[in-house]
Amino acid sequence: MSSPDDRRYTQEHEWVMIDATAANTAVAGITDYAQDQLGDIVYFELPKVGDDVAHLGKMGEVESVKAVSDLFSPIDGVVTEINEKLLDHPELVNEDPFGEGWLIKATMADATTLDRLMSAADYDAFIAGL
Amino acid sequence: MILPASAHTWILPLWSVTHYSPMVTSDNLRTNLYDTHVTLGGRMVPFGGWDMPVQYPDGILAEVKAVRTACGVFDVSHMGRLYISGPKATEFLDWVLTGSASTLRVGRARYCLICNEKGGVIDDTIFYRLTEDRYLLIPNAGNRPAVIAWFQHWIDEKFFPGCSMEDATTTTSLIAFQGPYTPVLIDQIVDQPLSTMRPFSWAEGAIQGAPVFAGRTGYTGEDGFELLVQGRDAVKVWTALTDSGAVPCGLGARDVLRLEAGLPLHGHEIDEATTPIEAGLGRFVRTEGDFISSQLLESQRTGSVLRKLVGFTLPGRSAPRAGYNLLDHGEPIGTVTSGSYSPTLDTSIGMGYVLGRDIEPGTILDLDIRGRIVPVTVTDLPFYTRPRRT
């Protein structure tokens with residue numbers, strides 16, 4: 001499936017988009033390709049509300065049954081909300097990685113950071129080459 | 001995030017997020033069911049020199065649940081099939097195995113270890129007595145060359161010409177049919193009543209005309225059968241099993257199931273530098289008779305060992321992984337060999353070695369999960385025992 005073109009992507013398989021419901025805020029998650037490669041996700045270690053996250057800095061971890069991976073922040077900012085549903089239902093990310101399975105929301109220090117990330121078309125070409 | 005691009009990260013002890021290699025390398029062997037796995041959407045990964053499915057599209061958790069509550073089917077053709085024959089076959093196996101061949105009756109099977117002269121485990125194996133002078137032995141995929149070399153060395157040294165070895169791995173297939181529904185289903189699929197067979201015994205039958213050698217054995221902690229068939233019959237037999245409702249399961253589910261059942265995996269809990277006594281497998285080492293490393297193993301059994309395998313649990317779903325440190329009041333005292341979230345028990349479980357002390361069940365130790373220190377409780381193995389069904 002092609003990735004939604006309303007957001008931007010990193011080479012580490014995170015997505016980020018402007019959050020329509022709050023000013024200067026972005027919402028971020030991991031891609032469908034990422035959840036598919038990980039398999040059944042069982043655990044997230046996410047930052048706390050108020051934590052600083054840095055563009056491509058480690059912001060947490062994800063564990064599937066057979067794998068563990070670091071999560072990197074797509075943006076510079078301050079975490080305003082985490083997806084609490086994932087604590088009991090990490091499988092939401094397997095089921096709906098671009099929607100219900102979002103990971104964090106954060107205020108953006110610099111919205112132009114998004115311009116440095118890949119478009120959906122570029123990301124799809126990137127994963128096609130992996 | 002950095003993804004598990006290397007299939008090794010799925011199975012091998014040390015999770016390395018920086019080690020990338022192709023998903024499938026061209027020099028790996030393929031089982032007779034390779035195309036079937038690809039058609040079913042199996043994710044193929046290199047394991048033990050073979051390209052094998054680590055999971056199918058429904059995922060590891062669904063596959064584990066199928067085996068615990070209904071039935072699953074695994075292609076385990078990557079494991080070896082060695083036939084040992086001849087008037088000295090029994091004497092030979094009594095020498096190279098920790099379990100006795102001479103006391104094994106025809107029709108029965110036994111689990112035991114193949115040790116080097118220092119008591120280190122070259123492999124673990126199940127062997128079946130076919131006739132007075134003929135046995136079938138199943139080594140692990142990656143250890144098959146080492147086992148063959150070791151056996152040939154001793155045949156040449158002590159047992160030639162009374163014993164010979166034949167490797168039927170590439171001409172046959174091995175399919176594991178595991179789960180509580182398998183006794184009922186097997187009698188509908190095979191032309192002989194196999195459900196009355198005792199655990200660790202074998203019998204023969206046919207599936208749609210294809211000859212089947214069936215052992216009541218497995219590596220999941222459930223009731224079940226392992227079916228040895230000719231390579232040309234593999235797809236037919238596999239399809240008969242999946243048509244009966246058995247869920248295709250990959251190596252990922254197999255690893256979770258064996259860990260829940262407290263069963264060792266060579267390269268993790270056991271290896272050439274570890275003895276069966278250290279690994280808690282002393283019950284599979286006979287106390288009488290002369291065999292390779294028998295004196296050393298007996299002295300470890302009656303004396304002490306430097307390290308001992310323990311099982312432990314921790315609440316939640318963040319899993320211990322091979323290579324993580326076990327701590328006692330901040331002091332490193334051991335290393336994790338295997339760990340996983342256990343979907344059956346809904347807690348995280350692990351096994352590992354603890355150095356230089358006796359650790360009783362109930363003891364609290366600490367586990368270093370990538371810098372996070374969490375308490376774990378030492379527990380008896382296995383973690384999971386299947387319910388008795390009447």
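Residues numbered from 1 in each chain as written. Chains lettered and ligands numbered in written order. Predicted model: local features only at pLDDT ≥ 70, side-chain atom pairs only at ≥ 80, totals over all residues.

*Asks:* Residues and numbers for the overall build of chain B, please.
*Replies:* Looking only at helices and strands, one finds nine helices and 20 strands in chain B. Over its C-alpha trace chain B gives a radius of gyration of 21 Å, about what one expects of a compact globule, namely 21 Å for 390 residues. Every one of the 390 residues in chain B was classed for burial, and the buried ones make up 49%. Long-range pairs, those at least 24 residues apart, make up 65% of the contacts in chain B between residues at least 6 apart in sequence. (Helix = DSSP H or I, 4+ residues; strand = E, 2+ residues; numbered from the N terminus. Rg over C-alpha atoms; globule rule 2.2 N^0.38 Å. Buried ≥ 20, exposed ≤ 12 C-beta atoms within 10 Å, placed from the backbone. Contact = placed C-beta atoms within 7 Å.)

*Asks:* Go over the overall build of chain A with me, naming the residues and quoting the values.
*Replies:* Within chain A, the regular secondary structure consists of four helices and nine strands. Start at the N end of chain A and walk to the C end: the helices and strands fall as β-β-β-α-β-β-β-β-β-α-α-β-α. A compact globule built from 130 residues should have a C-alpha radius of gyration of about 14 Å, and chain A, at 13 Å, falls within 12% of that. Oriented by its inertia axes, the alpha-carbon framework of chain A measures out at about 35 × 35 × 25 Å. Within the span of chain A, comprising 130 residues, buried residues form 44% of the whole. For chain A, the proportion of contacts with a sequence separation of at least 24, taken over those separated by at least 6, is 61%.

*Asks:* Now, about the packing of helix H4 (residues 89-96) of chain B against helix H5 (residues 144-159) of chain B: what can you tell me, with residues and values included?
*Replies:* Residue and element names in this part refer to chain B. Between H4 and H5, whose axes approach to 11 Å, the crossing angle comes to 120°. The orientation of H4 relative to H5 falls into the category oblique. Crossing of H4 against H5: the hand is right-handed. Contact residues: H4 offers Glu-91, Phe-92, Trp-95 and Val-96, while H5 offers Phe-151, Trp-154, Ile-155, Lys-158 and Phe-159. Classifying every residue of the contact of H4 with H5 gives seven nonpolar, no polar and two charged. (Axes fitted to C-alpha atoms, helices over the stretch in contact; angles between N-to-C directions. Parallel < 35°, antiparallel > 145°, perpendicular 65-115°, else oblique. Left-handed = near helix turned anticlockwise from the far one by under 90°. Nonpolar A, V, L, I, M, F, W, Y, C, P; charged D, E, K, R; others polar.)

*Asks:* Could you give an account of the nonpolar core, naming the residues involved and the relevant values?
*Replies:* All names here are of chain B. Counting residues in each nonpolar core, the largest one holds 130 residues, and the members touching the most others are Ile-175, Phe-177 and Val-237. Setting aside anything within four residues of it in sequence, one finds Val-237 in contact with Ile-175, Ile-207, Ala-210, Val-212, Leu-227 and Val-229. Formed by six residues, the second largest nonpolar core is a distinct cluster that contains Phe-47, Met-52, Val-54 and Leu-251. (Core = buried A, V, L, I, M, F, W, Y, C linked by C-beta atoms within 7 Å.)

*Asks:* Which residues make up the interface of chain A and chain B, and what are the values?
*Replies:* Contacts between the two partners involve 21 residues from chain A and, on the opposite side, 20 residues from chain B. Examining the composition of the side of chain A that touches chain B, we find that five residues originate from one element, strand S7 (residues 68-72) of chain A, more than from any other. By residue class, the composition of the side of chain A that touches chain B is 11 nonpolar, four polar and six charged.

*Asks:* Describe in detail the sheet that holds strand S5 (residues 82-85) of chain B, supporting the description with residues and values.
*Replies:* Strand pairing in a sheet is mediated by backbone hydrogen bonds. Such pairs are either parallel or antiparallel. All names here are of chain B. One open sheet holds the five strands; their spatial order is S6-S7-S8-S5-S9, and the pairing between them is antiparallel. Only two strands of the sheet have a single partner each, and these edge strands are strand S6 (109-115) and strand S9 (164-167). For this sheet, the mean inter-axis angle between neighbouring strands, taken without regard to orientation, is 30°. Where S5 meets strand S8 (residues 134-138), four bridges bridge the pair, whose relative direction is antiparallel. From the neighbouring strand, Tyr-83 faces S8, where its bridge partner is Leu-136. Along the sheet, H4 contacts S5, S6, strand S7 (121-131) and S8; its crossing angle with S5, the most-contacted strand, is approximately 120°. Strands in contact with H5 are S6, S7 and S9; relative to S9, the strand with the most contacts, it is inclined by about 160°. (Pairing = 2+ DSSP bridges.)

*Asks:* Just give me the short version of the domain arrangement of chain B, but keep the residues and values in it.
*Replies:* Residues and elements named next belong to chain B. For chain B, the domain assignment lists domain 1 (8-79 + 171-260), domain 2 (82-167) and domain 3 (306-390). Look at where the C-alpha atoms of domain 1 and domain 3 centre, and you get two points 27 Å apart. Domain 1 puts 14 residues into the contact, and the matching count from domain 3 is 15 residues. Secondary structure elements with two or more residues in the side of domain 1 that touches domain 3: helix H3 (60-69) and helix H8 (251-260). Among the elements that line the side of domain 1 that touches domain 3, the one with the most residues is H3, at four residues. Here the residues of the side of domain 1 that touches domain 3 are counted per class, giving eight nonpolar, one polar and five charged. (Domains from an automatic or database assignment.)

*Asks:* Describe the pairing of strand S18 (residues 347-355) of chain B, naming the residues involved and giving the relevant values.
*Replies:* Residue and element names in this part refer to chain B. Counting buried positions along S18 gives seven out of nine residues, so the element sits mostly inside the fold. Sheet analysis places strand S15 (residues 307-314) next to S18, joined by eight bridges and oriented antiparallel. Looking across to S18, one finds that Val-310 is bridged to Gly-352. Connecting strand S17 (residues 331-342) to the next strand, S18, in antiparallel fashion are four residues, including Asp-346 with a positive phi near 50°.

*Asks:* Residues and numbers for the sheet that holds strand S2 (residues 43-47) of chain B, please.
*Replies:* Residues and elements named next belong to chain B. Spatial strand order, S1-S3-S2: three strands in an open sheet with mixed pairing. The two strands at the open ends of the sheet, each matched to only one other strand, are strand S1 (29-30) and S2. Relative to strand S3 (residues 50-55), S1 is paired through two bridges, and the arrangement is parallel. Paired with Arg-30 across the strands is Asp-51, a residue of S3. Strands S2 and S3 of the sheet are contacted by H8, whose axis makes an angle of about 70° with S3.

*Asks:* I'd like a description of H4(B), backed by residues and values.
*Replies:* Residue and element names in this part refer to chain B. Here H4 lies mainly inside the structure; six of its eight residues are buried. Taken residue by residue, H4 has Ala-89, Thr-90, Phe-92, Leu-93, Trp-95 and Val-96 as its buried positions. For H4, the elements touching its buried residues are S5, S6, S7, S8 and H5.

*Asks:* Tell me about the environment of A:Asp70, residues and numbers included.
*Replies:* By secondary structure assignment, the location of A:Asp70 is in strand S7. Taking C-alpha positions, A:Asp70 is 9.7 Å from A:Gly57, a pair spaced 13 residues apart along the chain.

*Asks:* An account of the environment of B:Arg258 is needed here, citing residue identities and associated values.
*Replies:* Residues and elements named next belong to chain B. Checked against the element boundaries, Arg-258 lands in helix H8. Overall, the presence of 19 C-beta atoms within 10 Å leaves Arg-258 in the partly exposed class. The spacing of Arg-258 and Ser-77 is 181 residues in sequence and 17 Å in space, taken between C-alpha atoms. Not counting chain neighbours up to four residues away, the residues in contact with Arg-258 comprise Tyr-219, Thr-220, Leu-263 and Leu-265.

*Asks:* Any details on the pairing of strand S13 (residues 224-230) of chain B? Residues and values, ideally.
*Replies:* Residue and element names in this part refer to chain B. Taken across its seven residues, S13 has six buried, putting it largely inside the fold. With seven bridges connecting them, strand S10 (residues 172-178) and S13 associate as antiparallel partners. Bridged to Leu-174 within S13 is Leu-228. Bridging between strand S12 (residues 210-215) and S13 involves four bridges; their strand directions are antiparallel. Looking at the pairing, Gly-215 lines up with Glu-226 of S13.

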